[in-house]
Amino acid sequence: MKKVLIISPHFPPVNAADMHRVRQSLPYFKDNGWEATVLYVSPEFVEMAKDPNLIKSIPTDVKCFGVEAFSTTYTRKLGLGNLGLRAFLQLYKKGNKLIKQEKFDLIYFSTTMFACMPLGRLWKKKFNIPFILDIQDPWRNDYYLTVPKEEQPPKFWFAYNLDKTLEKLTLPYADGLLAVSKGYIQTLKDRYPSIKNIPEKVLTFGAAEKDFDILPELNLPKNIKLDPEKLNFVYVGRGGSDMQISLNLLFTSFKEGLDTNSDFNRCKFWFIGTSYAPDGEGAKTIKPLADKIGVGDYVEEITDRKPYFEVLNLLKSSDAIIIPGSEDQNYTASKLYPNILAKKPLLCVFHSNSSVVSNVRILNAGKLVLFNETDAKEQCASALQELVNTLPYTPNTNWEAFKPFTAQAMTKQQTDFFNEVIN
């Protein structure tokens, strides 16, 4: 049995999108010849929503070790809130101890807390253990260099230059790259020619069918009550300026539909968990656009992130699910497969180059609008019209074709990649 040390600062009960690959894979590692040990940051040091039910999905025989992090009470005085930085020293010390105690074959970083990834270089130099980076988002994100200053995230220049420096110190020493998008890998290999020949693997997040199996057992609160008199279109996930094109297309098409189809008056759009900021502090990025276009009365935006299983319940309670895509052609919505498992009509508004497009087509899982095509407006109007006219219905998803996208199948691909890297 080979051993992997997984670095995932976010971990249950923390409700963060970037820990789900690890969470979903843990039940299947041993079946594929790997014993996993997880190093994470204890939840009391993480400023994100918690969902205690997530702990129920973690196998009891997996060794998991939490570390402390410097409190934001002090670090924010220095302008630092990044969890990867706040826990860097603690992760390093605990990692040293674990590596000395056990003979790990591989170190695997699966997180968007990129600031902790330089630990891979340090441990490789100290213990001669190869490491893999799981790139779920761009580390050094050049996208915001192309937008007006007012659309850039807070403290953008500090964060950008820090990411640029840490990425440069880390990537040339990586032994393998796993990513949700081929474009992310290609960008890094173009930027750092010395790693052009290291193993790579494109792997989206899997679909955790077990999560839906245990839903009926949970006594979940209904903090968000969808309107039973309306057709509720639900999106759960982040917002942001890079989604303005897809959202603008959606809202303008809907506004035109209001003028021609009285059934559109029954629609209500819900955008939930659109900000990564602590509860109550998130800035709305979607409702202001809807207000500007003139459909604000039909749109509700809740920036606070909601517990994972409560989200699954919301998806199952919806009449239809919408997923707006990013301007970034490499953007892959990790939420795609849970949305498909909810077995509700699905409307995806994406760039034609996104992997979401081919996957939705293969699975016959929903309607697609390609916002970069010349007839995008007609596509969107037609898709909305058809949805409103035919709801409710259950999509005719190709579940046989869906099997390779399950968490169990994805974990097999993951461990095959581990074997390729260490060999």
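Our subject in this report is the structure included herewith. (Residues numbered from 1 in each chain as written. Predicted model: local features only at pLDDT ≥ 70, side-chain atom pairs only at ≥ 80, totals over all residues. Heavy atoms only, no water.)

**Focus on the environment of Glu102**
Then step 1. Within the secondary structure layout, Glu102 lies in the loop between helix H4 (88–101) and strand S4 (106–110).
Then step 2. Separated by 273 residues in the primary sequence, Glu102 and Asp375 have C-alpha atoms spaced 58 Å apart.
Then step 3. When sequence neighbours within four positions are dropped, the list of residues in contact with Glu102 reads Lys3, Glu35, Thr37 and Lys63. (Helix = DSSP H or I, 4+ residues; strand = E, 2+ residues; numbered from the N terminus. Contact = heavy atoms within 4.5 Å.)

**Notes on the packing of aromatic side chains**
Then step 1. On inspection of all chains with the given rule, the structure shows 21 aromatic pairs.
Then step 2. Here the aromatic rings of Phe109 and Trp123 are separated by 6.3 Å at their centres, their planes lie at 20°, and the arrangement is stacked. Separated by 14 residues along the polypeptide, Phe109 in strand S4 and Trp123 in helix H5 (residues 119–127) bring together distant segments of the chain.
Then step 3. Judged by relative accessible area, Phe109 falls into the buried class, the value being 0%.
Then step 4. Measuring from ring centre to ring centre gives 6.2 Å for Phe109 and Phe131, while their planes differ by 80°; the resulting arrangement is edge-to-face. Here Phe109, found in strand S4, pairs with Phe131, found in strand S5 (residues 131–135); they are 22 residues apart in sequence, far enough to count as distant. Here the two residues Phe109 and Phe131 agree in accessibility, since each one is buried.
Then step 5. Aromatic ring contacts, followed pair by pair, group Phe233, Tyr235, Phe251, Phe254, Phe264, Phe269, Phe271 and Tyr298 into a single cluster.
Then step 6. Directly above the ring of Tyr308 sits Arg23, whose terminal nitrogen or CZ lies 4.7 Å from the centroid.
Then step 7. Directly above the ring of Trp270 sits Lys268, whose terminal nitrogen or CZ lies 5.6 Å from the centroid. (Phe/Tyr/Trp six-rings, centres within 6.5 Å; stacked < 30°, edge-to-face > 60°. Buried < 20%, exposed > 50% of the residue type's maximum accessible area, 1.4 Å probe, protein only. Lys NZ or Arg CZ within 6 Å of the ring centre and 35° of its normal.)

**What about the side chain of Glu310?**
Then step 1. Here Glu310 is to be found in helix H11 (residues 308–317).
Then step 2. No salt bridge is formed by the buried Glu310. Its closest oppositely charged neighbour is Lys306, at 5.7 Å.
Then step 3. When near neighbours in sequence (up to four residues on either side) are disregarded, Glu310 contacts Leu220, Pro221, Asn223 and Ile224. (Lys, Arg positive; Asp, Glu negative; His and termini not counted. Salt bridge = Lys/Arg side-chain N within 4 Å of Asp/Glu carboxyl O.)

**Things to note about the packing of H4 against H5**
Then step 1. Running from amino to carboxyl end, H4 crosses H5 at an angle of 30°, the nearest separation of the two axes being 11 Å. Crossing angle aside, the handedness with which H4 passes H5 is right-handed. Of the residues in H5, those in contact with Phe88, Leu91, Tyr92, Gly95, Asn96, Ile99 and Lys100 of H4 are Leu119, Leu122, Trp123, Lys126 and Phe127.
Then step 2. Taken together, the residues of the contact of H4 with H5 sort by class into eight nonpolar, two polar and two charged. (Axes fitted to C-alpha atoms, helices over the stretch in contact; angles between N-to-C directions. Left-handed = near helix turned anticlockwise from the far one by under 90°. Nonpolar A, V, L, I, M, F, W, Y, C, P; charged D, E, K, R; others polar.)

**Comments concerning empty space enclosed by the protein**
Then step 1. Inspection of every chain in the model, using the stated rule, returns one cavity of 30 Å³ or more.
Then step 2. Quantified by volume, the largest cavity comes out at close to 50 Å³.
Then step 3. In terms of lining residues, the largest cavity is bounded by Arg21, Gln24, Ser25, Leu203, Thr204, Phe205, Gly206, Ala407, Met410, Thr411 and Gln414.
Then step 4. Elements that contribute at least two residues to the lining of the largest cavity include exactly helix H1 (20–25) and helix H16 (407–422).
Then step 5. Its residues assigned to classes, the lining of the largest cavity shows four nonpolar, six polar and one charged. (1 Å grid on protein atoms, 1.4 Å probe; cavity = no way out; pocket = protein on both sides within 12 Å on 5 of 7 lines; lining within 4 Å. Points joined across faces, edges and corners; volume = space filled by probe spheres on them.)

**Thoughts on the sheet that holds strand S7 (residues 200–202)**
Then step 1. In space, the seven strands of this open sheet follow the order S3-S2-S1-S4-S5-S6-S7, with parallel pairing throughout. Two strands in the sheet have a free side with no partner beyond their single neighbour: strand S3 (63–67) and S7. The sheet shows a mean angle of 20° between the axes of neighbouring strands, direction not considered.
Then step 2. When strand S1 (residues 2–7) meets S4, the two strands line up parallel, connected through four bridges. Within the sheet, the bridge partner assigned to Ile7 lies in S4 and is Phe109.
Then step 3. Each of S1, strand S2 (34–41), S3 and S4 is contacted by H4, which is oriented at about 155° to S2, the strand it contacts most. (Pairing = 2+ DSSP bridges.)

No statement about biological role is implied by the geometric values presented.
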